[in-house]
Amino acid sequence: MTILFNLFLLLFVTFIVLFLFRVVLIKTGLIYVVKKKWRLVEDCFHVYQFFKVPRFSESMQRNKLHHKVWVYLNSLTSVEDSDFTNLFTGKKPNEIVLGLDPNQIIEDDFLGAKIFWINEDDNLVLKIRKADKRRILRPYLQHIHSVSDDLEDQKRDLKLYMNVVDSQKGRWRSVPFTHPSTLETMAMESDLKNKVKSDLENFLKAKQYYQRLGRVWKRSYLLYGPSGTGKSSFIAALANFLSYDVYDIDLSKVSDDSDLKLLLLQSTAKSVIVIEDLDRYLSEKPTGMSLSGILNFMDGILTSSCGEERVMVITMNGKDQVEQSILRPGRIDVHIHFPLCDFTAFKTLANNYLGLKDHKLFPQVEEIFQKGSSLSPAEIGELMMANRSSPSRALKSVINALQTEGDGRVGRSRKSLDEGGGGHAAKEFKKLYGLLRVKSSRKSQSFDLNDGQKEELDCVEFGAKDLVWDEAVVSRGLKLVQFALCALVSSVSGRLLLLSLCF
Ligand SMILES: Nc1ncnc2c1ncn2[C@@H]1O[C@H](COP(=O)(O)OP(=O)(O)OP(=O)(O)O)[C@@H](O)[C@H]1O
Ligand SMILES: [Mg+2]
């Protein structure tokens, strides 16, 4: 018994001593010295192989691999943990970046193997255990490639390209794209934002899928709605979300169809191609370009040969007046409606512009919205910005504007849906039929099983407001069907009564 007790006591004391020893090593930093010595001991038992990645090739050209490894190494957390490293200011304000010091040694882990990098003057030297080399060297280098490409994409400065008439130096001129709009700053239904995000993420992952289908790897969005509802801001938010350059096509500067093709050919992959106000342009009966030229451009036939990955965005004030072939699925994949402001959008704007999450005037604003008054987010945003020093004054001015200028705007825009010949009942049925058609076309969407992800490729209609409107139409439609059935039953029963009276 005593032997057992002594053994237990010994074990306990050893454990405590080891624990305290570890704490002392970590607290005093001696752990690093121990680790270094341990590495020396390890080195005696392992055979290492060295690979040099020179900065310049034999013909004194820059070695791209050196740059990639450099970008990759500077992103490792082990740079921060090493004994000595350099600090530099980054491109963004207040940004500080780490940079390797000459002769600094960086440790990395990959698939369970330890890898060392030594930063010599003009070379980066990879030190790897011979036993691990065959297993991990190739996948490790591929890993460096993809990580550094991703990092470069993230920190790439975006550009805004505009087409010019003078084609001596190419058809595009660029300026830095610094629009601050993001999907977070957009006053839109959060559900809609999430749908857009996941649609874009699925698109980015679907290169192989599009290739297998023989389709150009592009996604087309139609943004439609009244002026000042955020269509252009949304394009900027898309570009920022994707980290894509923006090519803004001014159609008035395009002479003919071949000129339009040239513009597409001279654009680069990973870009958002924008045509704003296409409905207005088409309504002005353009002379130089044909409709088929525009349709081919939208299909992006030419881009399939030279790198793809493009998102096309077309904006319109309304889509009722344009040629239906422009809007067909495949040519436009996603339709997004930009409505006038509602109370939810108003709250986002109040938070963005005034820093208000809630206010005692909010219920009054909500009531006005419920009555059908509305303004565009741009109009409300301007009022808030002008009165930003006093949130109460800002809200009062919004209430005032809604009561005077915004009165009946929603009513008017809703009424415009009903324009056109035919009686009221016929129109209601038409709407109901339209709704059923939309619903059934939604059901027939096709999906991709790519990496376990389902990719949606059919034409999709996004816009929470449309859904609200659809429900109202359903209930009105159902009431109408009820009414028609009652009328039918009463007329049949009336006739039966008449018949029975005759006999
Ligand atoms: N939904 C919104 N969310 C946040 N800000 C918005 C929204 N809509 C408009 N704004 C603000 O209003 C201003 C005008 O918006 P924007 O230019 O994007 O509208 P638009 O729909 O493109 O108008 P137009 O059809 O006249 O070109 C921008 O400064 C933007 O910040
Ligand atoms: Mg615009």
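The shown structure was predicted, so the numbers you read here are calculated from the model rather than taken from an experiment.

Visitor: Please set out the nonpolar core residue by residue, giving values where relevant.
Guide: Core analysis: the largest hydrophobic core is formed by 31 residues, its most contacted members being Y221, L223, F234, V272, V313 and I336. Broken down by secondary-structure element, the contributors of at least two residues to this core are α6 (190-205), α7 (207-213), β9 (218-224), α8 (231-242), β11 (271-275), β12 (310-316) and β13 (334-337). Sorting elements by how many residues they give to this core places α8 first, with seven residues. Core analysis: the next-biggest nonpolar cluster, separate from the first, contains 27 residues, M289, F297, M298 and L327 among them.

Visitor: So what's going on with the environment of G381? Residues and values would help.
Guide: Along the chain, the position of G381 falls in helix α15 (residues 377-386). Relative accessible area serves as the criterion here: at 0%, G381 is assigned to the buried category. Note: C-alpha distance between G381 and N352 (29 residues apart in sequence) is 9.1 Å.

Visitor: Give a description of the environment of A236 that names residues and reports values.
Guide: Within the fold, A236 resides in helix α8. Separated by 54 residues in the primary sequence, A236 and T182 have C-alpha atoms spaced 7.1 Å apart. Excluding residues within four positions of it along the chain, A236 makes contact with F177, H179 and S181.

Visitor: Explain the packing of aromatic side chains residue by residue, including any values.
Guide: The final tally for this structure, using the stated rule, is 14 aromatic pairs. A centroid spacing of 5.2 Å and a plane angle of 55° characterise the contact between F110 and Y140, whose relative ring orientation is tilted. Of the two residues, F110 sits in strand β4 (residues 105-110) while Y140 sits in helix α5 (residues 130-155), which places them 30 residues apart along the sequence. Measuring from ring centre to ring centre gives 5.3 Å for F234 and F338, while their planes differ by 70°; the resulting arrangement is edge-to-face.

Visitor: Before we move on, can you summarise the pattern of salt bridges with the specific residues and values?
Guide: Under the criterion given, the structure shown has 14 salt bridges. Its salt-bridge partner being D132, residue R135 comes within 3.7 Å of it at the nearest N-O pair. Here R135 pairs with D132, and both are found in helix α5, just three residues apart, close to one helical turn. In this structure, the salt-bridge partner of K197 is E184, at a minimum N-O distance of 2.9 Å. Of this pair, K197 sits in helix α6 while E184 sits in the loop between β8 (172-176) and α6, placing them 13 residues apart in sequence. Taken together, the salt bridges that share partners define one network made up of E107, D109 and K114.

Visitor: So, the site of ligand 1: which residues are in play, and what are the values?
Guide: Taken together, 15 residues sit near ligand 1, with A187, S227, G228, S232 and S233 positioned nearest. Between ligand 1 and A187, the relevant distance is 2.7 Å, taken from a nitrogen atom to a main-chain nitrogen or oxygen of the residue. Between ligand 1 and the protein, one listed contact pairs an oxygen atom with a backbone N or O atom of T229 at 3.2 Å. Burial of ligand 1 by the protein chains amounts to 73% of its free accessible area of 630 Å². Residue assignment for the shell around ligand 1 shows that the elements contributing at least two residues are α8, α13 (343-354) and α15. Sorting elements by how many residues they give to the shell around ligand 1 places α8 first, with three residues. Of the residues assigned to the shell around ligand 1, the class counts are six nonpolar, eight polar and one charged.

Visitor: So, a nonpolar patch on the surface: which residues are in play, and what are the values?
Guide: Nonpolar side chains collect at one region of the surface, where F5, F8, L9, F12, V13, F15, I16, V17, F19, L20 and V23 lie side by side and expose about 1100 Å² of accessible area between them. With respect to the secondary-structure elements, F5 resides in helix α1 (residues 2-28). Note on F5: relative accessible area 51%, which makes it exposed.

Visitor: Go over the sheet that holds β4, please, and point to the residues and values.
Guide: Taken together, four strands build an open sheet; the order of strands is β1-β6-β5-β4 and the sheet is antiparallel. For this open sheet the edge positions go to β1 (48-54) and β4, each flanked by a neighbour on one side alone. Between one strand axis and the next, the sheet turns by 25° as a mean value, whatever way the strands run. Pairing analysis gives five bridges linking strand β5 (residues 113-119) to strand β6 (residues 123-129), with the strands arranged antiparallel. Residue pairing for β6: I115 is matched across the bridge by I128. Most of the contacts of helix α3 (residues 64-74) go to β6, to which it runs at about 70°, and overall it touches β1, β4, β5 and β6. Of the strands in this sheet, β1, β4, β5 and β6 are in contact with α5, which crosses β6 at around 135°.

The rules we used
Residues numbered from 1 in each chain as written. Chains lettered and ligands numbered in written order. Predicted model: local features only at pLDDT ≥ 70, side-chain atom pairs only at ≥ 80, totals over all residues. Heavy atoms only, no water. Core = buried A, V, L, I, M, F, W, Y, C linked by side-chain atoms within 4.5 Å. Buried < 20%, exposed > 50% of the residue type's maximum accessible area, 1.4 Å probe, protein only. Helix = DSSP H or I, 4+ residues; strand = E, 2+ residues; numbered from the N terminus. Contact = heavy atoms within 4.5 Å. Phe/Tyr/Trp six-rings, centres within 6.5 Å; stacked < 30°, edge-to-face > 60°. Salt bridge = Lys/Arg side-chain N within 4 Å of Asp/Glu carboxyl O. Near = heavy atom within 4 Å. Polar contact = N/O pair within 3.5 Å; in protein donor to acceptor, adjacent residues only side chain to side chain. Areas by Shrake-Rupley, 256 points an atom, 1.4 Å probe, with all protein chains shown as cover. Nonpolar A, V, L, I, M, F, W, Y, C, P; charged D, E, K, R; others polar. Patch = residues over 30% accessible without salt bridge, like charges linked within 9 Å, V, L, I, M, F, W, Y side chains within 5 Å. Pairing = 2+ DSSP bridges. Axes fitted to C-alpha atoms, helices over the stretch in contact; angles between N-to-C directions.

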